[in-house]
Amino acid sequence: MDMGNKTKERKMQSVSVYPLVKRCAAACLMCVVCAVLLTTVSQKAYAAPMDTVQSLLKGDPQSFQIVVLLTAITFIPTMLIMLTGFTRIVIVLSILRNAIGLQNMPPNTVIIGLSLFLTYFVMNPVIGQINETAYQPYVQEQIQFEEFTTRAMKPLREFMLKQTYETDLNFFGNLAKLDPAKDLDSVPDRVVIASFITSELKHAFAIGFFIYIPFIVIDMVVASTLMAMGMMMLPPAMISMPFKILLFVLVNGWQLTIGTLISSFGT
């Protein structure tokens, strides 16, 4: 009886183990198939960049132009920020938001969107000159790409030099170890761009300083009033914020701020 029971138990164990072995074998087979597919795809994906590299090394002009175009596209946001009035506008609007005491109102999306449209408003004459003197002749195949960049840079240089402090221009000229330029046209672009960015920061913080003054006065008045009333535990910032918003709305603050910003560019 004992031998018969043991034989039955062995048969049941073998029957229960067989499906597990079958599943393991199926899983191993699927892993092998996936490994083969991944190897094939990776070889094909690896072949495409290698073909591009080989074509670049052989001097294929079309591949080189594609690489240059993709590289130039990555610099478009930097050019938008550094070669236009966007820096000044977005800094002033951010300072205004902090002066009122609103941390996230208006949100960053609104600040950046408003800055972009104001930048387009300010830079519209420059964009028109670039379109007439550089882009249209280039599209009509009247000029080459090198001349296109030279013509497009000329209106931008004129705009940047109008907004640049002479001290900043001389400072970066000395850092670049350049001789004192008798003509602004002889100043390299790298010096003009660096000087323009520094001057934009100065303009932005100067405007922000004058924006901050009335709101600081409100904070001082509210803090003194609360101190005189003995309400020392009440935060002055919480009480002064509604008065700041009310003052800003009554004096039409958005129109004054935007008008100050646009007029600061001389447009």
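Residues numbered from 1 in each chain as written. Predicted model: local features only at pLDDT ≥ 70, side-chain atom pairs only at ≥ 80, totals over all residues. Heavy atoms only, no water.

*Asks:* Looking at this structure, how should I read the overall build of the chain?
*Replies:* A tally of helices and strands in the chain yields ten helices and zero strands. When its helices and strands are written in sequence order, the chain yields α-α-α-α-α-α-α-α-α-α. Residue burial in the chain is summarised as follows: out of 267 residues, 25% are buried. Residue pairs at least 24 apart in sequence account for 68% of intrachain contacts in the chain once pairs closer than 6 positions are excluded. Surface accessibility of the chain: about 18900 Å² in total, with carbon and sulfur atoms responsible for 70%. (Helix = DSSP H or I, 4+ residues; strand = E, 2+ residues; numbered from the N terminus. Buried < 20%, exposed > 50% of the residue type's maximum accessible area, 1.4 Å probe, protein only. Contact = heavy atoms within 4.5 Å. Areas by Shrake-Rupley, 256 points an atom, 1.4 Å probe, with all protein chains shown as cover.)

*Asks:* It is not clear to me how the packing of aromatic side chains should be interpreted in this structure. Could you clarify?
*Replies:* Two aromatic rings are characterised by how far apart their centres lie and by the angle between their planes. Taken as a whole, this structure holds six aromatic pairs when the rule is applied. Judged by centre distance (6.2 Å) and plane angle (20 degrees), the rings of Phe-159 and Phe-265 are stacked. Note that Phe-159 is positioned in helix α6 (residues 145-162) and Phe-265 in the segment after α10 (253-264), a separation of 106 residues in sequence. Accessibility assignment for this pair places Phe-159 and Phe-265 in one class, buried. Plain terms: the ring middles of Phe-248 and Trp-254 are 5.3 Å apart, the flat faces sit at 85 degrees to each other, and that makes the pair edge-to-face. (Phe/Tyr/Trp six-rings, centres within 6.5 Å; stacked < 30°, edge-to-face > 60°.)

*Asks:* Hey, could you run me through the nonpolar core in this one?
*Replies:* Burial of nonpolar side chains together is a common tendency in soluble globular proteins. One finds Leu-156, Phe-159, Met-160 and Phe-215 to be the most contacted residues of the largest nonpolar core, which totals 39 residues. Only α4 (86-100), α5 (108-139), α6, α8 (189-228) and α10 provide two or more residues apiece to this core. Counting residues per element, this core draws most heavily on α4, at ten residues. When residues no more than four places from it in sequence are discounted, the contact partners of Leu-156 are Leu-83, Met-123, Val-126 and Ile-130. (Core = buried A, V, L, I, M, F, W, Y, C linked by side-chain atoms within 4.5 Å.)

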